[in-house]
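Each chain, written out:
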Amino acid sequence: MSGARDLSKLNVGFIGGGNMAYAIAAGLFKTGVLKPSQVIVSATNLKNLKTRWSPLGVNRVTTSNAQVLLEAEIIFLSVKPHILPVCRQSILDEADSLENLAAHCGEKVMVSILAGVTLEKLKDTFSFLNIQHVRTMPNTPMQVGAGCTIYCGGFDNNCPGVVLSYYEDIKFMLNQLGQAYEVQEAQINGITGLTGCGPAYVYEIIEALADGGVKQGIAREMAIKMAAQTVLGAAKTVLETGKHPAVLKDEVCSPGGATIYGVHELEKGAMRATLMNAVEKSAARAKELQ
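What counts and what doesn't
- Residues numbered from 1 in each chain as written.
- Predicted model: local features only at pLDDT ≥ 70, side-chain atom pairs only at ≥ 80, totals over all residues.
- Heavy atoms only, no water.
- 1 Å grid on protein atoms, 1.4 Å probe; cavity = no way out; pocket = protein on both sides within 12 Å on 5 of 7 lines; lining within 4 Å.
- Points joined across faces, edges and corners; volume = space filled by probe spheres on them.
- Helix = DSSP H or I, 4+ residues; strand = E, 2+ residues; numbered from the N terminus.
- Nonpolar A, V, L, I, M, F, W, Y, C, P; charged D, E, K, R; others polar.
- Salt bridge = Lys/Arg side-chain N within 4 Å of Asp/Glu carboxyl O.
- Buried < 20%, exposed > 50% of the residue type's maximum accessible area, 1.4 Å probe, protein only.
- Core = buried A, V, L, I, M, F, W, Y, C linked by side-chain atoms within 4.5 Å.
- Contact = heavy atoms within 4.5 Å.
- Patch = residues over 30% accessible without salt bridge, like charges linked within 9 Å, V, L, I, M, F, W, Y side chains within 5 Å.
- Areas by Shrake-Rupley, 256 points an atom, 1.4 Å probe, with all protein chains shown as cover.
- Pairing = 2+ DSSP bridges.
- Axes fitted to C-alpha atoms, helices over the stretch in contact; angles between N-to-C directions.
- Arc of directions from axis to C-beta.

*Asks:* Looking at this structure, I do not really get the layout of surface pockets. What am I missing?
*Replies:* By volume, the second largest pocket is sized at about 990 Å³. Lining of the second largest pocket is provided by 41 residues; of these, Met20, Ser78, Val79, Lys80 and Ile113 occupy positions nearest its centre. Elements that contribute at least two residues to the lining of the second largest pocket include exactly α1 (19-30), α2 (46-53), α4 (84-94), α8 (188-196), α9 (198-215) and α13 (271-288). In the lining of the second largest pocket, the residues fall into 20 nonpolar, 17 polar and 4 charged.

Structural data, given as structure tokens:
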């Protein structure tokens, strides 16, 4: 990714204030890319919004999705896929003048994080807004700057230059929250099963490792920290050495030692096949959501 960008004059909106929106915003604040005053968030329950987002310093909260569209240049669409029609209708109902709203949206970008929802469907759903679209699949470790995000743009041929500049801003933001990869849209559902859903699988692994430690007499709090650090260390070793995971595994497995006995148990439990199946099932479900 290219050098730093000054986003101090940018307004970023979130339609939907749930876990993923919160993770993105928290990560951007933590890295200093955005200030809370630059963010506006909408959801149906204003009290819940204030309770969750005020500690982050975000005071611009609203129940109006149209207000987010008017006040922000980059808008993260952060609702559940099945809420998309409701979201569309709410904007139609809220807009004082659709013509006026569309005029304001012509040089803005909507960034969808909705699993399975294609760029074509986004364009069709919000055709009355004349807004440009980016499709992305982030993951929750963004909130600690360790996310893995995939994205692709779906811009019209007559896309305004300012929108292309916003696209560079989006790329910059995503890369500040971890690693971000621009991919073909056809790859997104498959990768969703790996990166979008993957943290949940790893949390399961951490919990299971910690349970194993507890069984060996280690206090739970310490066991969880040890398990998490072990996973973190292993992941960092893969990324920084560039070695294949199988090579690194072999480096730990001494002949006749303790580790190879544990690996044998994992193989008997079909751990690898189970994780592969989990990615496959999640990817298939992501495709069903569109």
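*Asks:* Can you help me understand the pattern of salt bridges in this one?
*Replies:* A side chain of one charge can pair with a side chain of the opposite charge when the charged atoms of the two come close. Going through the model one piece at a time under the given rule, you end up with 13 salt bridges. For arginine 5, the salt bridge goes to aspartate 169, with nearest N and O atoms at 2.6 Å. One end of the pair, arginine 5, is in the segment before β1 (12-15); the other, aspartate 169, is in helix α7 (residues 161-176), and 164 residues separate them in sequence. The partly exposed category is assigned to arginine 5, whose relative accessible area is 28%. For aspartate 169, a relative accessible area of 7% gives the class buried. Aspartate 211 is the partner of arginine 220 in a salt bridge, and the nearest nitrogen-oxygen pair spans 2.8 Å.

*Asks:* Even after reading the chapter, I still don't get the nonpolar core, so can you show me in this structure?
*Replies:* Nonpolar side chains in soluble globular proteins tend to be buried together. Judged by nonpolar contacts, the single largest core of 40 residues is most densely connected at Phe14, Ile24, Leu34, Trp53, Phe76 and Met173. For this core, the secondary structure elements donating two or more residues are β1, α1, β2 (39-42), α2, β4 (74-77), β5 (109-112) and α7. For this core, the element with the most residues is α1, which contributes 9 residues. Sequence-distant contacts of phenylalanine 76, defined by excluding residues within four places in its chain, comprise Val12, Gly13, Phe14, Ile15, Ile24, Val111, Ile113 and Met173. Formed by 29 residues, the second largest nonpolar core is a distinct cluster that contains Leu84, Met137, Ile150 and Ile188.

*Asks:* Help me out: how do you make sense of the side chain of histidine 133 in this one?
*Replies:* With respect to the element layout, histidine 133 can be found in strand β6 (residues 132-137). With a relative accessible area of 1%, histidine 133 lands in the buried category. Residue contacts for histidine 133: discarding those within four places in its chain leaves Met110, Leu119, Leu122, Lys123, Phe126, Gly153, Gly154 and Phe155.

*Asks:* What should I look at first to understand a nonpolar patch on the surface in this one?
*Replies:* Side chains of Ile205, Leu209, Leu266, Met271 and Leu275 sit close together on the surface and give an oily, nonpolar patch of about 370 Å² of accessible area. Elements represented by at least two residues in the nonpolar patch include exactly α9 and α13. Relative to the helices and strands, leucine 275 is located in helix α13. Looking at leucine 275, the relative accessible area reads 31%, which means it is partly exposed.

*Asks:* In this structure, what is going on with the sheet that holds β4? I would like to understand it.
*Replies:* Sheet strands associate in pairs through backbone hydrogen bonding, adopting either a parallel or an antiparallel arrangement. Spatially, 8 strands are ordered β3-β2-β1-β4-β5-β6-β7-β8 in an open sheet, and the strand pairing comes out mixed. Of all the strands in the sheet, the pair left with one neighbour each is β3 (60-62) and β8 (178-182). Between one strand axis and the next, the sheet turns by 20° as a mean value, whatever way the strands run. Summarising the sheet, β2 and β3 pair through 3 bridges and their orientation is parallel. Of the residues in β3, the one forming a bridge with serine 42 is threonine 62. Across the face of the sheet, α8 comes into contact with β6 and β7 (147-153) while running at roughly 165° to β7.

*Asks:* Would you explain α4 in this entry?
*Replies:* Along an α-helix, a turn takes 3.6 residues, which lines up residues three or four apart on a common side. All of the buried residues in α4 are Leu84, Cys87, Ser90 and Ile91. Down the axis of α4, the smallest arc covering the buried residues is 120°, so these residues share one side. When the buried face of α4 is taken as reference, the exposed residues oriented beyond 90 degrees from it are Pro85, Val86 and Asp93. Buried-residue contacts for α4 involve β1, α3 (65-71), β4, α5 (98-105) and α6 (119-125).

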